[in-house]
Structure formats: structure tokens, C-alpha cells
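Observations on chain architecture
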Amino acid sequence: MAALIDLLWTRDQRIPIERSVAYLRTASRLTERRAPVLVDLSAALLVRAERDQTPRDLLEAIETADRAVRLEPRDPAARFNLALGLDLLGLDGQADAAWKAYLEVDRTSDWANEARRRTRRPVDTGIPATPKPGASTSEVTVYVRAAPQEALLLGWDRLLDEWGAGVIGGDTSRANRWLSLARAVGSGLVEGGGDATLADAVNAIDGIAADPGATRVLARAHRDYGAGRVAYGAGDYGAARRSSQRAISTGGRSPALVAWARLSLASTLVYEGRPAAADATVRLVTVYADTMRQPALAGRARWVLGTTLLRRGRYEQALRAFRPAATLFERAGEREHASAILQLLADTQQYLGDPAAEYPAIHRALTALRPYRGSVWAHNLLYFAARFASSDGFPLAAARIQDEDVRIAEETGKPIYLAEARIARARLTAATGDSAGARQDLASARTIVDGLAPGPGRRWFEADLRFAEARIVPSAEPGRVIRALDSVVTFFSSQHNVIRLLPALIARSEASLSAGHVAPATADLDRALTLFDTQGAGTENVDLRASLLEAARRLVDRLVLLRLASGDTSAALADIERARVSLAPVSAGLRARPKAHPAAPTGQVAVDYALIGDTLLIWTIAGTTVRLTRTTLDRDSLMRAIRRVRSSLELRVDDPATLSDLAALYEWLVRPIEHRLGGEGVPLVLIADGDVAGVPFPALRDNVRGRYLIESHPLRSGVSLRDADRPAPSPLPQAPRALLVADPAFDPRVFPRLAPLPGAMAEARAIAAQYPGALTLSGATASRRAFEAALRSVDVAHYAGHALFDDVRPEQSSLALAPDSAAESSGRLAAADIERLDLHGVRLVVLSACETARPRGGRSAGFAGLAGSLLAAGAGGVLGTLWRVDDALTLQLMAEFHRAYRQSGDAARSLREAQLRLLRSSDATLRSPAAWAAFRYTGN
């Protein structure tokens, strides 16, 4: 009800819609009848998408509405929201089908009238008929002005090729007719301020007209260029390369032709897996092309250059090539190609880890390419967008996008693009449980690929198809699957394509494991994790990380169970540790190899949790003694209890049901090992991943003794057992240097969903009493530059403001600070930026903000986002939150924590003391776990 009230009062306020979305997300996880809540959630997301122009909200709205439709197919609101989301995202074919499906359940309401209005007709591109030889000057002029991109390609791919055929065939009349049309088109492009290379090529032909031998040589060069273009379009890259090379060697009388042939050669080299050679070739074109007279050629050259840089992992350089390409295409009047560059910008920004830029770029490209739905670039964009949506956790929305892509690929008339689209759809449909549809798409793709001409293009698609078949089509012969994957691994290794190689290695590992071959499975996993580690910043992209995290987690789980079946508990723990350390979402600061012999600090006990299916594995390490407890439980019940507890405590609901869940979690997670935890007050180091990492361990309730876990033990967290054995902190200085940040004056244009936090200043004042001489940054003085500078030179830092957690990209989680200036900084300080700081002198960072120590799913949970980046940068410890916290309650806990920390310098014990003080308060609100259980400490 609170969510719906907020949704109704969103017109002039920002906070209610945020609360509405949050409440509805929580309700959708907890309610028994989910469809109505999902409908309301999709509506809230559509409202927010329209208000804030956030395309990601459109994707989530589509995903949510689609789930509601699957639960209640005849719910008109669900169908309406689904169709509207598809429409707003720019998926015309899918939207049209969804509006028609809506009209099947409602034909009479006002909503039905809106659905009829939105049912689309084919978009008219406004491009007139292609002129033929003999066309009038006015016909050519109208065509060129309406379609400069198509006119330029017509000239280079068809008209000059036909001229060459006429010359070589001795048909002078035919040659002159085609050359005359090329001359008219080239002149029209120049007069309209477009690209002059076609006119330059015609002038070169005219200049040697008196020399029949030279004319025949140039005619052959144009024929070779045209043949190369045809071969390239068919995916026969070997033939395309040879034809382009011949055109370059014989076309010297026409510098424009040589430039276009070099451009074609560079494009071919990219697809042959030779980006360095492509780079060298296309740079010759960038030197030749005049950006004022030849903007289309110059734009294409920068396009190909950006692609070669992207393939080689030089993402920022690729952006610098793509951005001027878009401007050049606009100048040339080539709207379709300018739109295609938007997709490449989004693709590159994905690798750079810039989600704030990716979704808007995708959405702009989808909108701009609406008139070109038979375009190869529309296919490329949809293929990329579907892959991106799937990686971002929207499988149903991704399937809708991929359905649109298959339709577009069919319209291109290019078999290779249809094969690519069907293989991609097979993967997505298999992931959503439609194995029959996936096999049908694979069979169709197999027919297409088998019909391709031999060469690198066919080898690429054969490898991609074999990989998809091995993953999707069941086989009773593991050896056959392994042999197929051997060829896939070999091919993508030869192409130096890590993005494709990593999932292929993991797939082969799984196949080896299914055949009982543990050694090769382990070797492939090791190789995959090593590749992943060595990729640096490039591994933060969605595709590579999402596919590796999920697949590697499944593989490690199977390896662990095999180890346990053979009685090798030490190897099982080593496998868990290896995956955790290698897949940690931060870089070298936390990615050292795990220790061969795990140990816990003297006087402490480390507890390591791993949940595999319905099997809960709990290792306890005391000194060098390692013991394993293995229990079987109902995983779904455990997950529901964790989600209910987190949601209830975040919403400050302290009722018998919440206490019952906290007690159940204690029975599952603590009771089986409590006899190994030492006596009263022994510190525990908790290592967990996935959903278990999100358990509020301090609040777990022991009903036998009537107390919470925090009453028995100080607690700290670690991402792996290596962190459990971190050295104890040195004594706190007599006069510790402290930095207090309170309620920064963030730019509301950058952070439109946030509101000021007046309680943050009161919190800072309460803490300042413990640190005489502390530096306080607040309001406009709490800028990113000031914060970074001060953070490097203090012992203790306390941030009381807004934090934004990015579950998909933890490295893009950020703190909201004041801008330094409009030109210098937006005030957003991302986790990836923090990680690059040197914070080895900082003992403790307190993030008194929302979700600053929240885990993410998978084996890589641990220190996701801001906490992980601070630790990676060298900070000794981080105190953060698991969920959104109330600033009034936080003030009490933080004041108590700093008072205790100032005296002892032990953050884990100080947090426990502060939590116990609230727990024993006379104020019932403060006694509730909702007031103190959100905070957790990670560090030494």
C-alpha cells in the first residue's frame, strides 16, 4: 500500500517514486501472488524511465511485465505495460505484436484505443527509387539529397564496378552510361556538401581517358574492389582480402580508389583476427582522407580504426576514434552510419565499465536506426543490446530484443547475420528453458553455416555454432562434446579472442567433469582464471564477467563436491578459495593467490561458508586446525528467510515473524558449529559468498540461550581465508588524524534521485568530539577533489552521505560528493576510482551510507563495490552497511562506535560494543536489530 501511495504522488517529487520501486521490488520477492505486484512494479519503472530518461528502467519494466504476463496471461495491465515498454525502447516489431496481443484481451477500454493508436505501420525511410543509367539530372539530385549514404555506396559498389565491366568487356557504350551516372551522383554529393571521393574517382578516370591501357588497368582495379566488397558481404574474407590487395596494387592512378580499397582490406583483416595489420592499413587512409572534402571516407576510416583498437583492448583510444567518426558521418549526411557509431560507443563504454553511458547510447541508437530496420547496423545493435540485457540480469527482455534481431537479420538478406542472430537466440531461449526453440534455431543456423563459402568467416561461425551446440544440445557421449569444444578452444585461442575463449574453456571443463576427468577440468579452470586475472581493466565488462562468474561458480561447485566424495576436504576448500580470490570484483589489491595452508589468527576462529545446491559446507579454522561440517537443508527456505529478514530489517519491521526467521538462520548457519567457536567473546571471522554473504550475522537469534550472536562474539568479515589471517592493527595514535564528511552538496542533475541528509551533520558533530582537530568537509566543501586529497593523509575517515550500489557493476558503485566545478568533476566518486588511490596509511574508513558493504551473488561476493575498492587501495578496514539505513538510528550507533574505537583501536570489538549498547538501551527502537544489524566490518 505504501508503494502505491508513493506511486500516486510522484508528479512533483523524486523520493516517493524511488521508495515505490524499492518497496515493490521487496514485495515482489515476498508475496505469494506475484503478478499484481509485478504489474505495479513495471508501472513504477515506466514512470521513472519517463521522468529520468533512464533506458535501463525500460528494460527492467519489460522484464517485470513479461514475468507478470507469464504468470497471468490475460491480465490487461501486464500486457499493456509490456507493450508500452517495448514501444518506448524502440523495438517496433515486438511492440506491434505486443499491442495486438493486448487487444486480444481488451477491445473496448480507453487503453484499447491507445493500443490501436500505437500499432505501427512500416516506417517510411523517405528514400526514392535508385536511379538507373539515363536518369534525369533532377532524379539523381532528388535521390542524392534524400540518401547521401546510399548514393555514395551505390557509386562505389555498383556504378564504377559496372563501368569497369563495360571497359573490360569492350562495351564502350555500356561503360559510358554507368560512368555518366557515377559522375552525376558524385557531383550531386559534392554540391550537397557531402563526400567528394566518388567525384574524385570519376575525375581520375576522365584524366586517363586518352590512354586505353591505363584505363583498362584502372577498370580492373575497380572490378577487384567491387568483387572484394561482394566477398566481404558474403563472409568470404580470404577472397575479399585478395581482391582488395589487387585493387590497391593496380589502382594507383586513382588515390580515392586506393583509399577505399585499403579501407576494405582493413575491415577484412579485422574479421580475419589480425587487428594489428588492420590498424596499420587503416591509418594510411586516415592520413589521406580530408575530413572536410571526404567526411564519409574519413568517418569510415576512424570507424575501422576504432574497431581494431577495441579488438586489441585499447578502449579509451577506441572511443577517441569513434567519437569523431559520428561527427563526420553527420557532416556527410549519413544518418544510418552515425547511428551505428552510437552502438560502437556503447560497446566500448561497456568495456570501460561506464553503465551510465551505455544504456542511453543503446537507446539513442535504437531510436535513430528506426528508419533503417533492414540495416546490418540495426542487426549489430540489437545483437549487442540483447547480449548486454542478458548479462545485466534481464533474460526475458533480452529474448524480446533478440527476437527483434532475428527479424531484422532476415530483412538484411545476409545469411551470416541471420546465422549469428539465430545462434544468439538459441543461447537466450535455452537459458529461459525453451530447449525445443533453441534446438530449432541451431538447426536453422547449421543449415546457413554449412552453406557459407570456405574461409575465416565460415570458420568463425562454425566455432560459434559448435560451442552453442555443445552447450545446448544434450549428448550421451561426453567425449564427442569434449572433441567439439577442443576445436572451439583452439580456434578462439588462435584469434586471441579472450571474450569467446573464456566461456569455451569453462564449457570444456564442465564436459570433462561430466566424463569424470577431474585433471583436465581443473587445468581448464586454472587457465580460465589465469586469463581472467591477467586481463586487468578489460575484465570488468559485462559479457566476460557475467559469463565467467556464473559458469566458473557452477564448475567450482561440482569440483568441490567431487573432492568431498573422494574424502579430500582440503582440496575442496582450496577450490573454493581459488575461485573466490580469482573472481573477486577488485583488482590486484585482493587477488593474491590463496594460501596453501589456511590459518586463523591466534585467539580467533574463522568460519567459511559455501552453499552448493541444498548442501551447506561450513569450515571452521582455529589456529591451523581445519574442520568441515556438512549439512543438508532446504535451499529455497533458506533463501526466503534471508530475503525476508533483510527486507524486514531494512523497513524497520521488528515482529515475531522476523525474530522467527533470525532464529531459523541461527539453526542453519551457527548451531551445527557452535561447539567449535570457542568460548564467550572469541572473535569470529566470517567468510561467505552469494546470498549467505548478505545474512545479518550479528542479529542471528539463539533461542536456546535467548540472545543474539553478537552478544557472544565480535564479528568481522573477509572475502577469503587469506583475509582471515590478516595481521592485527597497530595501536591507534594518541592524536589520530580524522576526516569527517557530512551531507555533501551533490549536483541534483547528476544525482536526481537523492535528497539532502540533514541528520548527517548531527552525526559528524557527535563523532568530532572523539577526534580533536578533525577535518570536516560538508556541503559545497565536500567535493571529490577535497575528499580524495584528505583521504590520503588521515588515520580515520568517516563518510556520512549518499552511496549508490551497482549490483551489476560493483566497480561503478559510487559516493555522491559535491562537484569541484562544472568542467572538472561531477562529484561522482566510483569504486574503480577509489581503487586507484593509495590508502595504505588509512587505518579505518567508515561508510555511514546505504548499501556500502552489500554483497553480490556468486562466488565473488565478499567485498563488492565501495568496501572492496577501499581495501584494494590499501585501507586497513572498512565499516559499511548491508542495506539502506535510517540516519537517525545510524547517529546513535556511530557515536557509540567511535567512542569505543577511540579507546581501543579495534574496529570489530568497537562495533560489537556499540551494537550491544543499543541492544541494551531503554528505547525499544534502538534495541531492535533494525537499528544496529545493518553494519558489518571487514578488515584486520
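Calculation criteria
Residue indices follow the written sequence of each chain, beginning from 1 at its first position. Given that this is a predicted model, residues contribute local features only at a pLDDT of at least 70 and side-chain atom pairs are listed and counted only at 80 or more, while totals for whole chains, interfaces and linings are drawn from all residues. With hydrogens and water stripped out, all remaining heavy atoms of the structure feed into the side-chain values. Secondary structure elements are defined from DSSP: runs of H or I of at least 4 residues count as helices, runs of E of at least 2 residues count as strands, and each element is numbered from the N terminus. Buried residues are those whose accessible area, probed at 1.4 Å on protein chains only, stays under 20% of the maximum for their type, while exposed residues exceed 50% and partly exposed ones sit between those limits. Contacts are residue-level and defined by heavy atoms, with any inter-residue pair within 4.5 Å sufficient. Computed by Shrake-Rupley with a 1.4 Å probe, the accessible areas treat only the displayed protein chains as cover when residues are assessed. Helix span is expected to be 1.5 Å times the residue number reduced by one. Side-chain atoms alone can form a polar contact between residues adjacent in sequence; in general such a contact is a pair of N or O atoms within 3.5 Å, and within protein one must be able to donate a hydrogen while the other accepts it. Strand pairing requires that DSSP identify at least two bridges connecting the strands. Only buried residues count toward a nonpolar core, which is a set of Ala, Val, Leu, Ile, Met, Phe, Trp, Tyr and Cys residues joined through side-chain atoms within 4.5 Å. Every axis in this analysis is a line fitted to C-alpha atoms, fitted for helices over the stretch in contact. Angles between the N-to-C directions lie between 0 and 180 degrees. Each angle gets one of four labels, with under 35 degrees taken as roughly parallel, over 145 as roughly antiparallel, 65 to 115 as roughly perpendicular, and the rest as oblique. Crossings are classed by handedness, with left-handed meaning an anticlockwise turn of the near helix from the far one by less than a right angle and right-handed meaning a clockwise turn. We call Asp, Glu, Lys and Arg charged. Ala, Val, Leu, Ile, Met, Phe, Trp, Tyr, Cys and Pro are nonpolar, and the rest, Gly among them, are polar. The rule is short: rings of Phe, Tyr and Trp, with Trp giving its six-membered ring, pair when the centres are within 6.5 Å, and they are stacked under 30 degrees, edge-to-face over 60, tilted in between. Here, a salt bridge means any Lys or Arg side-chain nitrogen found within 4 Å of an Asp or Glu carboxyl oxygen. What pLDDT reports is the predictor's confidence in each residue, on a scale of 0 through 100.

Assigned secondary structure in the protein consists of 40 helices and 16 strands. Split into buried and exposed, the 940 residues of the protein put 59% on the buried side. The long-range share in the protein, meaning contacts at least 24 apart out of those at least 6 apart in sequence, stands at 68%. In the structure as shown, the protein presents an accessible area of about 36400 Å², 52% of it carried by carbon and sulfur atoms.

Relative to the 22 Å expected for 16 residues at 1.5 Å per residue, helix α20 (residues 376-391) spans 23 Å between its end C-alpha atoms, a close match to the ideal helical length. In terms of residue burial, α20 counts as a mostly covered element, since 12 of its 16 residues are buried. Here α20 has its buried residues at V376, A378, H379, N380, L381, L382, Y383, F384, A385, A386, F388 and A389. The distance from a side-chain oxygen at the start of α20 to the backbone nitrogen of W377 is 2.9 Å, and the residue carrying that oxygen is S375. Of the residues flanking the end of α20, it is G393, one or two places downstream, whose phi is positive at about 90 degrees.

Let us look at the pairing of strand β14 (residues 844-847). Neither face of β14 is open: one carries L844 and V846, the other V845 and L847, and all of them are buried. In this sheet, β14 lies alongside strand β10 (residues 796-800) in parallel orientation, the contact comprising 4 bridges. Looking at the pairing, A797 lines up with V845 of β14. Sheet topology note: the β14/strand β15 (residues 877-881) ladder contains 2 bridges and is parallel. In the strand pairing of β15, V846 is matched with L879.

What follows is about the sheet that holds strand β13 (residues 828-830). Pairing within the open sheet is antiparallel, and its 3 strands lie in the order β11-β12-β13. Sheet topology places β11 (803-804) and β13 at the edges, where each strand pairs with a single neighbour. Summarising the sheet, strand β12 (residues 814-816) and β13 pair through 3 bridges and their orientation is antiparallel. Within β13, the residue paired with S814 across the bridge is A830.

Right, let's talk about the nonpolar core for a bit. Grouped together as the largest cluster of nonpolar side chains are 125 residues, with contacts concentrated most on W156, L160, V185, I341 and I401. Once you skip the residues sitting within four places of it in the chain, V185 turns out to touch V140, V144, A151, L159 and L198. L677, L700, L715 and A908 belong to the second-largest nonpolar core, a separate cluster that totals 65 residues.

Let us look at unusual backbone geometry. Phi is positive for D743, close to 45 degrees, though the residue is something other than glycine. Examined against the element boundaries, D743 turns out to sit in strand β8 (residues 738-744). On the accessibility criterion, D743 (18% relative accessible area) is buried.

For the pair helix α5 (residues 76-89) and helix α7 (residues 110-118), interaxial distance at closest approach is 12 Å and the crossing angle is 30 degrees. In this view, α5 runs roughly parallel relative to α7, as classed from their interaxial angle. As for how α5 packs across α7, the hand of that crossing is left-handed. Contacts between α5 and α7 pair P76, A77, F80, L84 and D87 from the former with W111, E114 and R118 from the latter. Its residues assigned to classes, the contact of α5 with α7 shows 5 nonpolar, no polar and 3 charged.

Attention now goes to the environment of S244. Note on placement: S244 falls in helix α13 (residues 237-250). It is 9.9 Å that separates the C-alpha atoms of S244 and R223, two residues lying 21 residues apart in sequence. Sequence-distant contacts of S244, that is, excluding residues within four places in its chain, are made with A261, S264 and L265.

A few words on the environment of A438. The residue A438 is located in helix α23 (residues 435-450) in this model. A438 sits in the buried class, given a relative accessible area of 0%. For the pair A438 and I423, spaced 15 residues apart in sequence, the C-alpha to C-alpha distance is 8.3 Å. Excluding anything up to four places from it in sequence, A438 contacts A426, T429, A430 and I472.

We now examine helix α15 (residues 275-288). Taking 1.5 Å of rise per residue, the 14 residues of α15 would be expected to cover 20 Å, and the 20 Å separating its terminal C-alpha atoms lies within 8% of that figure. Of all the residues in α15, the buried ones are P275, A278, D279, T281, V282, V285 and T286. Buried residues along α15 sit against α14 (255-271) and α16 (295-311).

Attention now moves to the packing of α20 against helix α21 (residues 395-412). To characterise two packed helices, one gives the angle between the axes of the helices and the distance between these axes. At a minimum axis distance of 8 Å, the contact between α20 and α21 shows a crossing angle of 160 degrees. Accordingly, the angle class assigned to the pair α20 and α21 is roughly antiparallel. Judged by the sense of rotation from one axis to the other, the crossing of α20 with α21 is left-handed. Where α20 approaches α21, its residues V376, A378, H379, L382, Y383, A385, A386, A389 and S390 are matched on the opposing element by A398, I401, Q402, E404, D405, I408, A409 and T412. Residues belonging to the contact of α20 with α21 are distributed by class as follows: 11 nonpolar, 4 polar and 2 charged.

Right, let's get into the packing of aromatic side chains. Within this structure, the stated rule accounts for 17 aromatic pairs. Ring geometry for W156 versus Y225: centroids 5.9 Å apart, planes at 70 degrees, classification edge-to-face. Of this pair, W156 sits in helix α9 (residues 148-168) while Y225 sits in helix α12 (residues 212-233), and the two are 69 residues apart along the sequence. Judged on exposure class, the residue W156 and its partner Y225 are both buried.

The next subject is the pattern of salt bridges. Counting across every chain of the model gives 51 salt bridges. The salt bridge involving R48 is made with D57; its shortest N-O contact spans 2.9 Å. Exposure class is identical for R48 and D57. Each is buried. What emerges from the salt-bridge pattern is a single network uniting D403, E410, R422, R425 and D441.

The next thing to look at is the confidence of the model for the protein. Residues at a pLDDT of 70 or more form 88% of the protein, whose mean pLDDT is 85. Element-level pLDDT for the protein is lowest in helix α1 (residues 2-8), with a mean of 42, against a maximum mean of 97 in helix α11 (residues 197-207). Here residues 1-15 is modelled with pLDDT under 50, and outside its nearest four sequence neighbours on either side it reaches 25 contacts, counting other chains as well. Across residues 857-863, where pLDDT falls below 50, the model places 38 contacts with residues more than four positions away in sequence or in other chains.

Here we take up the side chain of S814. For S814, the position within the fold is in strand β12. Residue classification places S814 among the buried positions, given a relative accessible area of 0%. Polar contacts involving the side chain of S814 include one to the side chain of R828, which spans 3.2 Å. When residues no more than four places from it in sequence are discounted, the contact partners of S814 are H802, A803, L804, R828, L829, A830 and L866.

The next subject is the environment of P295. Its location among the elements puts P295 in helix α16. Setting aside chain neighbours within four positions, we find P295 in contact with G194, D195, D290, L328, R331 and A332.

Turning our attention to the pairing of β10. Of all the 5 residues making up β10, 5 are buried; the element is thus mostly covered by neighbouring parts of the structure. Where burial is concerned, the two faces of β10 agree: the one with V796, H798 and A800 and the one with A797 and Y799 are both buried.

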